[in-house]
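Residue-level listing of the chains:
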Amino acid sequence: MTGSHQACPRCNRELPLDFAKAECPGCGGLLEVRHPPPDTRGAALRDLFGRRRGATGALDASGVWRFREAVLPGVRPEEVVSHPEGNTPLLARETVSRWSGVDDLRLKHEGHNPTGSFKDRCMTIGVTVAKRIGARAVACASTGNTSASLAAYGALAGIPVLVFVPAGQVAAGKLAQTVAYGARTLLVRGDFDACFALARDASERLNVYLLNSVNPFRLEGQKTIVLEALEQLGWEPPDWIALPAGNLGNTSAFGKALREAKDLGLIARLPRLAAIQAEGANPFARGFREGFSRVHRVRAETAATAIRIGDPASLDRAIDAIRRTDGVVTDVTDSEILEAKAVIDASGVGCEPASAASVAGVKKLVAEGVMRKGDRVVAVLTGHILKDPGLLLRYHQEMDPPPPRANRPIEIEPTLAAVEDVLGDRP
Ligand code: F0G
């Protein structure tokens, strides 16, 4: 096919853009979206993207749609469901760099998106496509961020949303958002992997459009995290991009973004990807250590609930992303994640627990000599600090003994003397 279309990387079967399933009808492989090469490439394409930044038109105001030649060429402004989203900051914070062991560490803060996570970059495209194909409803399984984002974008488009989340395992901020934006919310007595299997079956049976990251259009939106970070670095690629890894949609999208950015002449060389998992939810890291010679599935357990996933859906394409970028996969313990989070939070930046895995991973990879102090590293913070207030309060207020970076609030009588007593404690 000559225009944008879907294709199966496994068997090369081609399908039109309005084919509404994530898997190849021939071999069952996950589909990807392919675009014809744009007329504009290299420096001219970089200039085009840059000129749109700060513009106010319906498409240009979005940090996803201003990259439209790379994500959904030919899209019409009136069909786009956009908040807008993207245009998130790339931050440098001395205390976080010092803790990680890398001098030039930048934090790409995706928590600045409208619903507080990177998922908005996928949902603007996913829900636009859902509207385009006339979906009667959209659905997803989620650890909380995908559901919050889909709920918001479904509300924007006026399309009913059905979400499947693991009962009792979703951070308070995310569940609150999902119900408040109006999604029909099913609390499934099972883990994320069970939710995903159910969402897949239900969407098939009920003819509802599935918007998990197996959906190839979602990855097109996620690619813009990388495109935007590269642009913010003047298209001078860093040595590494570190990101938390759960269901592996993001790892896959980053690999595709980098491959295409090089093909389009936007960058001259590829950064290496560092995918970081929680130790209790580490099937991808286990596979990496064995050269991906076999597939691991684990019963996932971690305080970073966003990445509590034991059987990642986008495994094959994430392996491809790691191989093509000479990347690495590692895992970090919950206490390493919580310490990294406390450092990021105390810098005034803040993020949700899973996001801090990226910075904890950088520290570990520096200690192991995989990354070097002089390397330029971008770590992606995938979600906002307020997503998981429950864990924050436990860490700072309740854990016994208090963790080293706990900042206990102090209850006092309403007197000046009590204030002076407390301040006397603290020079
Ligand atoms: N960080 C956050 C904050 C997430 O919410 C997720 C995934 C990830 C990292 C991992 O990304 O799955 O592409 O490897 N959250 C999904 C959800 C599973 O349902 O919100 P991944």
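Rules used throughout
- Residue positions are given per chain, counted from 1 along the sequence in the order it is written.
- Since the coordinates come from a predicted model, pLDDT governs what is reported: local features require at least 70, and pairs of side-chain atoms require 80 or more to be given and counted, while whole-chain, interface and lining totals use all residues.
- As a rule here, side-chain values cover all heavy atoms of the structure and leave hydrogens and water aside.
- Two rings from Phe, Tyr or Trp (for Trp, the six-membered ring) form a pair when their centres sit within 6.5 Å of each other. Planes less than 30 degrees apart are called stacked, planes more than 60 degrees apart edge-to-face, and all others tilted.
- Each helix corresponds to a stretch of at least 4 residues labelled H or I by DSSP, and each strand to a stretch of at least 2 residues labelled E; elements are numbered beginning at the N terminus.
- To sort residues, take the accessible area from a 1.4 Å probe on protein chains only and compare it with the maximum for the residue type: under 20% means buried, over 50% means exposed, and anything in between is partly exposed.
- Axes, fitted as lines to C-alpha atoms, cover a helix only where it is in contact. Angles between the N-to-C directions of the axes lie from 0 to 180 degrees.
- Note that the term roughly parallel is reserved for angles under 35 degrees, roughly antiparallel for angles over 145, roughly perpendicular for angles of 65 to 115, and oblique for everything else.
- Left-handed describes a crossing whose near helix is turned anticlockwise from the far helix through less than a right angle; right-handed describes the clockwise counterpart.
- Note on definitions: a residue-residue contact is assigned when non-hydrogen atoms from the two residues lie within 4.5 Å.
- Only Asp, Glu, Lys and Arg are considered charged, only Ala, Val, Leu, Ile, Met, Phe, Trp, Tyr, Cys and Pro nonpolar, and every remaining residue, Gly among them, polar.
- Residues are counted as near a molecule or strand when any one of their heavy atoms sits within 4 Å of it.
- The definition of a polar contact used here is a pair of N or O atoms within 3.5 Å, where within protein one atom must be able to donate a hydrogen and the other to accept one, and adjacent residues in sequence count solely through side-chain atom pairs.
- A pocket, in this scheme, is an open set of points on a 1 Å grid over the protein atoms alone with protein on both sides within 12 Å along at least 5 of 7 lines, while a cavity is a set where a 1.4 Å probe fits but cannot get out; residues line either one if an atom lies within 4 Å of a point.
- Occupancy of a cavity or pocket is assigned to a molecule whenever over half of its atoms lie within 2 Å of that pocket's grid points.
- Strands are treated as partners if at least two bridges between them are detected by DSSP.
- Crossover handedness is defined by viewing with both strands directed away from the observer: a clockwise path from the first strand over the helix to the second marks the crossover as right-handed.

Asker: Can you tell me about the packing of aromatic side chains, naming the residues and giving the values?
Answerer: Evaluation of the coordinates by the stated rule reveals four aromatic pairs. Both rings, one in phenylalanine 49 and one in phenylalanine 67, keep their centres 4.9 Å apart while their planes meet at 70°; by these two values the pair is edge-to-face. Of this pair, phenylalanine 49 sits in helix H1 (residues 42–52) while phenylalanine 67 sits in the loop between H1 and helix H2 (68–71), and the two are 18 residues apart along the sequence. According to the relative accessible area criterion, phenylalanine 67 is buried, its value standing at 0%. Geometrically, the ring pair formed by phenylalanine 192 and phenylalanine 196 is stacked, given 6.2 Å between the ring centres and 15° between the ring planes.

Asker: Could you give an account of the packing of helix H5 (residues 145–157) against helix H6 (residues 172–180), with specific residues and numbers?
Answerer: Here H5 crosses H6 at 25°, and the two axes come no closer than 8 Å. Judged by the inter-axis angle, H5 sits roughly parallel to H6. The handedness of the crossing between H5 and H6 comes out as left-handed. Judged by residue contacts, Asn145, Ser147, Ala148 and Ala151 of H5 engage Lys174, Gln177 and Thr178 from H6. For the contact of H5 with H6, the per-class residue count stands at two nonpolar, four polar and one charged.

Asker: Residues and numbers for the site of the ligand, please.
Answerer: Around the ligand lies a shell of 20 residues, among which Ser142, Thr143, Gly246, Asn247 and Thr382 are the nearest. Contact between the ligand and asparagine 145: an oxygen atom at 2.8 Å from a side-chain N or O atom of the residue. Because more than half of its atoms lie within 2 Å of the grid, the ligand is assigned to the largest cavity. Secondary-structure elements contributing two or more residues to the shell around the ligand are H5 and helix H9 (249–263).

Asker: Account for the pairing of strand S7 (residues 161–166), naming residues and giving values.
Answerer: Across the six residues that make up S7, a large majority, six, are buried. Neither face of S7 is left uncovered, since the one carrying Val161, Val163 and Val165 and the one carrying Leu162, Phe164 and Pro166 both have all their residues buried. Relative to S7, strand S6 (residues 138–141) runs parallel, the two sharing four bridges. Along S7, the bridge assignment pairs cysteine 140 with valine 163. Handedness of the β-α-β unit built from S6, H5 and S7 comes out right-handed. Where S7 meets strand S8 (residues 184–188), five bridges bridge the pair, whose relative direction is parallel. Each residue of the ladder has a partner; that of proline 166, found in S8, is valine 188. This β-α-β element, S7 to H6 to S8, shows right-handed connectivity.

Asker: Describe in detail unusual backbone geometry, supporting the description with residues and values.
Answerer: Residue proline 84 is bonded to the preceding histidine 83 through a cis peptide linkage, with omega at 10°. Structurally, proline 84 can be placed in the loop between H2 and strand S4 (90–91). With an omega of 0°, the peptide bond running from aspartate 400 to proline 401 counts as cis. Topologically, proline 401 is positioned in the loop between helix H14 (389–398) and helix H15 (416–425). A positive phi is found at asparagine 87, a non-glycine position, where the angle reads about 55°. Inspection of the secondary structure puts asparagine 87 in the loop between H2 and S4.

Asker: Talk me through the environment of lysine 131; I want residue IDs and the actual numbers.
Answerer: In this structure, lysine 131 sits in helix H4 (residues 119–132). Taking the C-alpha atoms as reference, lysine 131 lies 18 Å from serine 4; in sequence the two are 127 residues apart. Not counting the four nearest positions on each side in its chain, lysine 131 is found in contact with Glu78, Glu79, Val81, Ala157 and Ile159.

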